[in-house]
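This is what each chain is made of:
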Amino acid sequence: KKHTVDSVFALVLFVLFAITALFVTSSGALAYRNISETMEERFDKSTCVSYITAKIRGNNDCGNITVEDFCGKSALCIRQSINDETYTTYIYYHDGAVRELFCLEGLELGADAGADIANAQALSFSENGNLITAELIDSQGKTSRFSVCL
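Not measured: the values here are computed from a predicted model.

Trainee: Would you explain the pairing of strand S2 (residues 73-82) in this entry?
Mentor: Working note: regular strand, side chains alternate between the two faces of the sheet. In this sheet, S2 lies alongside strand S1 (residues 65-70) in antiparallel orientation, the contact comprising six bridges. Counted as the bridge partner of Thr-66 is Cys-77 from S2. Between S1 and S2, which follow one another and run antiparallel, lie two residues, and Cys-71 among them has a positive phi close to 55 degrees. Connecting S2 to the next strand, strand S3 (residues 85-94), in antiparallel fashion are two residues, including Asn-83 with a positive phi near 50 degrees.

In structure tokens:
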């Protein structure tokens, strides 16, 4: 009988250890998933805001930056001259992403032609004098509004 009690005690102890290990592992996985989702949200938002701000500040020559209509939506337009030809960079929202399109001035391209910068639900621009204001709704539905002075 003593061996039976010892065996049952060892078995109960092992089951208790296994349950505890499973609980700790599942808690860690849940924490990792939450941290990962939060970091992804912040990455998309901060990448977009930083990218747009850097583009405006890096190309802030007289009259090179405007807000215009591009394929039915407001877009940030940055014009620059390269080898005596004018090129335009459009930053805009289309189909679930903030996009950028760099093309020769006057070339008719659709909104699908741009490269994705970050995931989002919406992006709009407005211009008031020397102030460019952007309103971004990130992929989680949170709205950010920021302005850059020209």
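Alright, that's what it looks like, and here's the rest.
Trainee: Would you mind showing me how to read the pattern of salt bridges here?
Mentor: Where charged atoms from two side chains of opposite charge approach closely, those side chains can pair. For the structure on display, the rule yields five salt bridges. Its salt-bridge partner being Lys-55, residue Glu-100 comes within 3.1 Å of it at the nearest N-O pair. Of this pair, Glu-100 sits in strand S4 (residues 97-104) while Lys-55 is found in helix H1 (residues 2-58), placing the two residues 45 residues apart along the sequence. Judged by relative accessible area, Lys-55 falls into the partly exposed class, the value being 22%. A salt bridge links Glu-105 to Arg-79, with the shortest nitrogen-to-oxygen separation between them at 3.1 Å. Of this pair, Glu-105 sits in the loop between S4 and strand S5 (115-128) while Arg-79 sits in strand S2; the two residues are 26 residues apart in sequence, bridging distant segments of the chain. Note on Glu-105: relative accessible area 35%, which makes it partly exposed. Within this structure, Glu-68, Arg-79 and Glu-105 form a network of salt bridges that share partners.

Trainee: Where do I start with the sheet that holds S1 in this structure?
Mentor: Strand-to-strand pairing in sheets goes through backbone hydrogen bonds, with the strands running parallel or antiparallel. Pairing within the open sheet is antiparallel, and its seven strands lie in the order S1-S2-S3-S4-S5-S6-S7. Across the chains shown, the open sheet's two edge strands, defined by having one partner strand only, are S1 and strand S7 (143-149). Recorded for the sheet is a direction-independent mean angle of 35 degrees between the axes of neighbouring strands.

Analysis parameters
- Residues numbered from 1 in each chain as written.
- Predicted model: local features only at pLDDT ≥ 70, side-chain atom pairs only at ≥ 80, totals over all residues.
- Heavy atoms only, no water.
- Pairing = 2+ DSSP bridges.
- Helix = DSSP H or I, 4+ residues; strand = E, 2+ residues; numbered from the N terminus.
- Salt bridge = Lys/Arg side-chain N within 4 Å of Asp/Glu carboxyl O.
- Buried < 20%, exposed > 50% of the residue type's maximum accessible area, 1.4 Å probe, protein only.
- Axes fitted to C-alpha atoms, helices over the stretch in contact; angles between N-to-C directions.

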